[in-house]
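In case you want the letters, here they are:
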Amino acid sequence: FMERNGIHIIDLHKTVAKEDEARILDIINKLPEKCRDILLLEKVFGYTREETMKMLGESNETLKKRLTRAKTKLLNALKEEGLDEGREYIGKIIR
C-alpha cells in the first residue's frame, strides 16, 4: 500500500501470491465504506485515532465499533475465500 512516517505498513506482494493479493484487495474494497475507511486510515496508512476522529468527524466509541466490525468482516471474508495465508498476514497487521 503506502508508507507513512517511513514505515511500510502492508506489503502483500511479498507475502502472498499475486492473484491472492488481488483477491484480498477486492475483499477490502467490498467492506462497507465506513468500516473500510477506519480500517485503511488506521491500520494501513497509520493515522492515529485522534487524526481519524478529526478526518471522519466521529467519536472514539463509534470508530472503535466500526474498526472491530471491519476486522471481523475482513477476516471472515478471507476465511470464506480460502485465503489462509493472507488471513494470517492481515490478522497480524490489524490487531
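Coordinates for the structure precede this section.
Residues numbered from 1 in each chain as written. Predicted model: local features only at pLDDT ≥ 70, side-chain atom pairs only at ≥ 80, totals over all residues. Heavy atoms only, no water.

1. Quick look at the pattern of salt bridges
Here's step 1: On inspection of all chains with the given rule, the structure shows four salt bridges.
Here's step 2: Measuring nitrogen to oxygen at the nearest pair gives 3.4 Å for the salt bridge that ties Glu58 to Arg66. (Salt bridge = Lys/Arg side-chain N within 4 Å of Asp/Glu carboxyl O.)

2. Let's talk about the nonpolar core
In summary, soluble globular proteins display a tendency toward joint burial of nonpolar side chains.
Here's step 1: Ranked by internal contacts, the top residues of the largest apolar core, which has 17 residues, are Ile24, Leu39, Leu74, Leu78 and Ile90.
Here's step 2: Elements with a minimum of two residues in this core: helix H1 (18–30), helix H2 (33–44) and helix H4 (60–80).
Here's step 3: Among all residues touching Leu78, those that are not within four sequence positions of it are Ile24, Ile27, Leu83, Gly86, Arg87 and Ile90. (Core = buried A, V, L, I, M, F, W, Y, C linked by side-chain atoms within 4.5 Å. Buried < 20%, exposed > 50% of the residue type's maximum accessible area, 1.4 Å probe, protein only. Helix = DSSP H or I, 4+ residues; strand = E, 2+ residues; numbered from the N terminus. Contact = heavy atoms within 4.5 Å.)

3. Observations regarding the packing of H2 against helix H3 (residues 49–56)
Here's step 1: At a minimum axis distance of 10 Å, the contact between H2 and H3 shows a crossing angle of 140°. When the interaxial angle is binned, H2 and H3 end up oblique. Here H2 and H3 pass one another in a crossing that is right-handed. Within the contact between the two elements, H2 uses Asp37, Ile38, Leu41 and Glu42 and H3 uses Arg49, Thr52, Met55 and Leu56.
Here's step 2: Here the residues of the contact of H2 with H3 are counted per class, giving four nonpolar, one polar and three charged. (Axes fitted to C-alpha atoms, helices over the stretch in contact; angles between N-to-C directions. Parallel < 35°, antiparallel > 145°, perpendicular 65-115°, else oblique. Left-handed = near helix turned anticlockwise from the far one by under 90°. Nonpolar A, V, L, I, M, F, W, Y, C, P; charged D, E, K, R; others polar.)

4. Focus on the side chain of Arg36
Here's step 1: Following the sequence through the fold, Arg36 ends up in helix H2.
Here's step 2: Among buried charged residues, Arg36 stands out as having no salt bridge; its nearest opposite-charge side chain is Asp37, 4.6 Å away.
Here's step 3: With sequence-adjacent residues up to four places away left out, Arg36 is seen in contact with Ile28, Asn29 and Leu31. (Lys, Arg positive; Asp, Glu negative; His and termini not counted.)

5. Thoughts on the environment of Lys64
Here's step 1: Tracing the backbone through its elements, the reader meets Lys64 in helix H4.
Here's step 2: Relative accessible area serves as the criterion here: at 48%, Lys64 is assigned to the partly exposed category.
Here's step 3: The sequence separation of Lys64 and Ile38 amounts to 26 residues, and the corresponding C-alpha distance is 8.8 Å.

6. Considerations on the packing of H1 against H4
Here's step 1: For the pair H1 and H4, interaxial distance at closest approach is 10 Å and the crossing angle is 140°. The angle between H1 and H4 falls in the class oblique. In this structure, H1 meets H4 at a crossing whose hand is right-handed. Across from Ile24, Ile27 and Ile28 in H1, the residues of H4 making contact are Leu74, Ala77 and Leu78.
Here's step 2: Residue composition of the contact of H1 with H4, by class: six nonpolar, no polar and no charged.

7. Let's talk about the side chain of Glu42
Here's step 1: Tracing the backbone through its elements, the reader meets Glu42 in helix H2.
Here's step 2: By relative accessible area, which is 13% here, Glu42 ends up buried.
Here's step 3: Within the local environment of Glu42, its side chain forms a polar contact with the side chain of Arg49, the two groups lying 2.6 Å apart.
Here's step 4: Discounting chain neighbours no more than four positions away, the residues touching Glu42 are Tyr47, Thr48, Arg49, Thr52 and Leu67. (Polar contact = N/O pair within 3.5 Å; in protein donor to acceptor, adjacent residues only side chain to side chain.)

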